[in-house]
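The primary structure of each chain is shown beneath.
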Amino acid sequence: MSQHSLEMSSKVKTASVEQAILESSPIMEAFGNAKTVYNNNSSRFGKFIQLNICQKGHIQGGRINRVVRQNPKERNYHIFYALLEGAGKEEREAFYLLQTEKYHYLNQSGCITDETISDEETFQEVKTAMKVMKFTSENVREVLRLLAGILHLGNIEFITAGGAQICKKTALGRTAELLGLDPEQLTEALTHRSMILRGEEISTPLSALDSRDSVAMALYSQCFAWVIKKINSRIKGKDDFKSIGVLDIFGFENFEVNRFEQFSINYANEKLQEYFNKHIFSLEQLEYSREGLVWEAIDWTDNGECLDLIEKNNPFYVKPRVAVHNFGVKHYAGEVLYDVRGTLEKNRDTFRDDLHNLLRESRLDFIYDLFEHDQSRNNQDTLKSGTKHRKPAVSLQFKDSLHSLMATLSTSNPFFVRCIKPNVHKKHVHLKSVA
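Since we're looking at a predicted model, the values are computed, not measured.

Okay, the layout of surface pockets next. Taken as a whole, the second largest pocket spans an internal volume of roughly 410 Å³. At the level of secondary structure, the elements contributing two or more residues to the lining of the second largest pocket comprise helix 11 (260-290), helix 12 (304-311), strand 11 (326-331), strand 12 (334-339), helix 13 (343-347) and helix 16 (394-409). Residues belonging to the lining of the second largest pocket are distributed by class as follows: 11 nonpolar, 4 polar and 5 charged.

This is the structure:
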């Protein structure tokens, strides 16, 4: 429809919108994808893209919703490596950029490069795409500066001597400069928790590493949200449209060790499988019956009980055979054992209000704006009279986001594309025919 409409009308505006939608992909992939065991360009988040089409067939615009994000294991997000390999001399000096292997957030897995990925090309593609998407040169510089600040933040190390103390002043100084923070205030926020209790400020020592990583994740998450908002504003069209949506979301996972992240991912997959079953089996067979067709009923497994287990409780829970830290779930795709260690910590809101307030005091307008307008934390700055104002747990946010997605899908007429299951060798498997 879009191509036909271009022949029938002025190509300038519609072509630019189409180009913008296409150019959003390199940006989204660089900020949201990472190299994993199974896939060199695996989405560490889900995205839902809507193409809004008016009556004449023009693509009026679109919208991209970030459903959820998760932390990669094998390599961090592409954009970090792209920055370090593609930045020019001026950027390298301004941001104190080092070799990739010298950053804690990038060197832990032992995987720095991959012959199938050109980080330098990715950097140029992202900068070109940002230009098409109307990011100003100052916008791009602010984003790159923030990314560099995150990398230096990860290099801050601590020693325990009467409480946590920072032992790498160079990394601290560079982090503070790039993020527009006061070094002493940053040190205090990372090593002590400050809160207001009955009108008095209470300061207590805490896990500095958790604080450091919490700030890094918050900075990246808010930056990613800002990038997506910028993209959406560029491709937004009028409201007189019908839409075609494309949901691109993570697949079912079952590794040697499965933790909170895999549980969340498989819960989402279980929910989507229920949607698939309903449309492909249940509703289709009802349609066959209404039309009086002669057909043979297909026997399929209703996975509603498994969802009841996750969202409520039931016999699909698998008790651990030996290990005390495990439990199992009988998913539609098979039984998966989950390791519960670290689950409570990952589910908790580790980004404290005092850390949030620190970033709101940044001298840089870009970082100040990211956290000043963070609606999810409004009116949650203090602990008063013993009453706790807490941000919802990660699992609840994930569940609400997933249910919102399912509500959107329920209004759609779906078509399904099944992806080929990957393997650790990332090779095509050729099956020999058997006579």
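If you walk through the whole model with that rule in mind, you get 9 salt bridges. The shortest N-O distance in the salt bridge between Asp 213 and Arg 212 comes to 3.0 Å. Note on Asp 213: relative accessible area 25%, which makes it partly exposed. Among the charged side chains, a network of salt bridges with common partners joins Arg 259, Asp 339 and Arg 341.

Our next topic: the packing of aromatic side chains. The geometry of an aromatic ring pair is captured by the separation of the ring centres together with the interplanar angle, meaning the angle of the planes. Considering all chains together, one arrives at 12 aromatic pairs under this definition. Geometrically, the ring pair formed by Phe 263 and Tyr 338 is edge-to-face, given 5.2 Å between the ring centres and 85° between the ring planes. Here Tyr 338 lies in strand 12 and Phe 263 lies in helix 11, a separation of 75 residues in the sequence. On the accessibility criterion, Tyr 338 (1% relative accessible area) is buried. Taking 6.3 Å as the distance between ring centres and 35° as the angle between the ring planes, the aromatic pair formed by Tyr 267 and Phe 398 counts as tilted. Pair noted here: Tyr 267 is in helix 11 and Phe 398 is in helix 16, with a separation of 131 residues, a long-range link. What links up through ring pairs into an aromatic cluster is the set Phe 31, Tyr 77, Phe 80 and Tyr 220.

Conventions and cut-offs
- Residues numbered from 1 in each chain as written.
- Predicted model: local features only at pLDDT ≥ 70, side-chain atom pairs only at ≥ 80, totals over all residues.
- Heavy atoms only, no water.
- 1 Å grid on protein atoms, 1.4 Å probe; cavity = no way out; pocket = protein on both sides within 12 Å on 5 of 7 lines; lining within 4 Å.
- Points joined across faces, edges and corners; volume = space filled by probe spheres on them.
- Helix = DSSP H or I, 4+ residues; strand = E, 2+ residues; numbered from the N terminus.
- Nonpolar A, V, L, I, M, F, W, Y, C, P; charged D, E, K, R; others polar.
- Salt bridge = Lys/Arg side-chain N within 4 Å of Asp/Glu carboxyl O.
- Buried < 20%, exposed > 50% of the residue type's maximum accessible area, 1.4 Å probe, protein only.
- Phe/Tyr/Trp six-rings, centres within 6.5 Å; stacked < 30°, edge-to-face > 60°.

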